[in-house]
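Structural overview
Spelled out from the first residue to the last, the chains are:
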Amino acid sequence: MTVAQLAADRGLHRVGARPKLGSYLKQTWDRRQFIVKMAQFRLRAGLDDNRLGVVWLLLQPVLNAFVYGTIFYFLQSDRRPADYVAHVVIGVFLFQFFSKSLSDGAKSITGNRALVQSLAFPRLTLPVAEVMEQFLSLMPSIVLLLVALPFLGHRPSWDWLLLIPLLGLYTLFNAGVAMIAARLTVHVRDLTQVLPFVSRILFYTSGVLFDVNRIFDSHPWVIAIYDFHPLYQVLEMARGVLMNDVPYNPNFWLYFSIYAVLTFVVGLVFFWVAEERYGRD
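Residues numbered from 1 in each chain as written. Predicted model: local features only at pLDDT ≥ 70, side-chain atom pairs only at ≥ 80, totals over all residues. Heavy atoms only, no water.

1. Re the overall build of the protein chain
Scanning the protein chain from N- to C-terminus turns up 13 helices and zero strands. Starting at the N terminus and walking to the C terminus, you meet the elements of the protein chain as α-α-α-α-α-α-α-α-α-α-α-α-α. Relative to its full complement of 281 residues, the protein chain shows a buried share of 43%. As presented, the protein chain carries roughly 15,200 Å² of accessible surface, and 66% of it is formed by carbon and sulfur atoms. (Helix = DSSP H or I, 4+ residues; strand = E, 2+ residues; numbered from the N terminus. Buried < 20%, exposed > 50% of the residue type's maximum accessible area, 1.4 Å probe, protein only. Areas by Shrake-Rupley, 256 points an atom, 1.4 Å probe, with all protein chains shown as cover.)

2. As for the pattern of salt bridges
With the rule as written, the count across this model stands at six salt bridges. Residue lysine 26 pairs with aspartate 30 through a salt bridge whose shortest N-O separation is 3.1 Å. Of this pair, lysine 26 and aspartate 30 both sit in helix α2 (residues 21-30), four residues apart, which is roughly one turn of that helix. Judged by its relative accessible area of 44%, aspartate 30 is partly exposed. Between arginine 42 and glutamate 133 there is a salt bridge whose closest N-O contact spans 3.3 Å. Of this pair, arginine 42 sits in helix α3 (residues 32-48) while glutamate 133 sits in helix α7 (residues 125-148), and the two are 91 residues apart along the sequence. On the basis of relative accessibility, which here comes to 10%, the residue glutamate 133 falls in the buried class. Bridged by salt links that share partners, the residues Arg42, Glu130 and Glu133 form one connected network. (Salt bridge = Lys/Arg side-chain N within 4 Å of Asp/Glu carboxyl O.)

3. Looking at the nonpolar core
Within the largest apolar cluster, 55 residues are counted, with the highest numbers of intra-cluster contacts made by Leu94, Phe98, Tyr170, Leu209, Leu242 and Phe256. Put simply, the parts of the chain that give this core at least two residues each are α4 (56-76), α5 (84-106), α7, α8 (163-187), α9 (191-205), α11 (220-226), α12 (230-242) and α13 (251-273). The element best represented in this core is α5, accounting for 13 residues. If we skip the residues at most four places from it in the chain, phenylalanine 256 touches Leu169, Tyr170, Phe173, Pro230, Gln233, Val234 and Met237. Core analysis: the second largest hydrophobic core is formed by 17 residues, Met38, Ile109, Val116 and Leu268 among them. (Core = buried A, V, L, I, M, F, W, Y, C linked by side-chain atoms within 4.5 Å. Contact = heavy atoms within 4.5 Å.)

4. Points about the environment of arginine 32
Among the secondary structure elements, arginine 32 is positioned in helix α3. Sequence-wise, arginine 32 and threonine 125 are 93 residues apart; in three dimensions their C-alpha atoms are separated by 8.0 Å. In this structure the side chain of arginine 32 is engaged in a polar contact, spanning 2.9 Å, whose partner is the backbone oxygen of tryptophan 29. (Polar contact = N/O pair within 3.5 Å; in protein donor to acceptor, adjacent residues only side chain to side chain.)

5. Quick word on the packing of aromatic side chains
Remark: the centre distance and the inter-plane angle together describe each pair of aromatic rings, the angle taken between the planes. One pass over the structure, following the stated rule, counts 19 aromatic pairs. Among the aromatic residues, ring-to-ring pairing joins Tyr68, Phe72, Phe95, Phe97, Phe98, Phe135, Tyr170, Phe173, Phe203, Tyr204 and Phe256 into one connected group. Its guanidinium or amino end placed over the ring of phenylalanine 203, arginine 200 lies 5.6 Å from that ring's centre, counting from NZ or CZ. (Phe/Tyr/Trp six-rings, centres within 6.5 Å; stacked < 30°, edge-to-face > 60°. Lys NZ or Arg CZ within 6 Å of the ring centre and 35° of its normal.)

6. Considering a nonpolar patch on the surface
Together, Phe66, Val67, Ile71 and Leu75 make up an exposed nonpolar region whose accessible area comes to about 430 Å². The residue phenylalanine 66 is located in helix α4 in this model. Judged by its relative accessible area of 59%, phenylalanine 66 is exposed. (Patch = residues over 30% accessible without salt bridge, like charges linked within 9 Å, V, L, I, M, F, W, Y side chains within 5 Å.)

7. Focus: the confidence of the model for the protein chain
The share of residues in the protein chain with pLDDT of 70 or more is 90%, and the mean pLDDT across the chain is 87. At the level of individual helices and strands, the protein chain shows its lowest average pLDDT in helix α1 (residues 3-9), which scores 48, and its highest in α13, which scores 96. (pLDDT = per-residue confidence, 0-100.)

8. Topic: the side chain of histidine 154
Structurally, histidine 154 is set in the loop between α7 and α8. Classification of histidine 154 by relative accessible area gives buried; the value is 6%.

Now the structure itself:
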């Protein structure tokens, strides 16, 4: 009888062994309070050293929208969106959720190496906590956006409630992206140096600061490609929901729902398969 068989007969399990996926998800769910508390703690810790504290949760996206919006206002000339301010603010606020989930999620394992090596817990909690932190960071911006939109000429409507399922799908999508990035970064540390460039490219090409239909009006094939761009779909749905009389393709709900679920499932399985390697590579 081998040592492994003897241990199994005595009900012993190898330390750090990867559990079955169902058990893994249950263990993660059982630690949901830890995930929320960790996200809240990291959020506060990142702001405590600043004199303005939590005000930066609003100032940072507002300043980004102002700076980039001002530059692209002049660059686009007569091709800028009709309601430019609301268009840019919605784009910048929502894209930042994705960007931070990607960059911080990628460092969730490598940046917590001591924790990973010293305690036994499902490592999935770490990238999920990072996405939770970014979701909490997004909430003040969403409140500010809803308060500001009536002053920009967009009256409140029942359509605004569609923002709730949209943010739910967006969070699911970002969690999948964070899990994929977290595992890849464990194997290829240099990826953390590349991701900021990837994020910047997506920022400038996802329709955050411009109207795709106006910029590419003479190239309908480009617009057709954008219709299958998940980040573009999120931004267009958000603008269609929050800005009165702004049309968008209703099929985007179906497309992005598929993207969100597939990305989350693929990210979950991809991350779970390497559970035993975290903290050891």
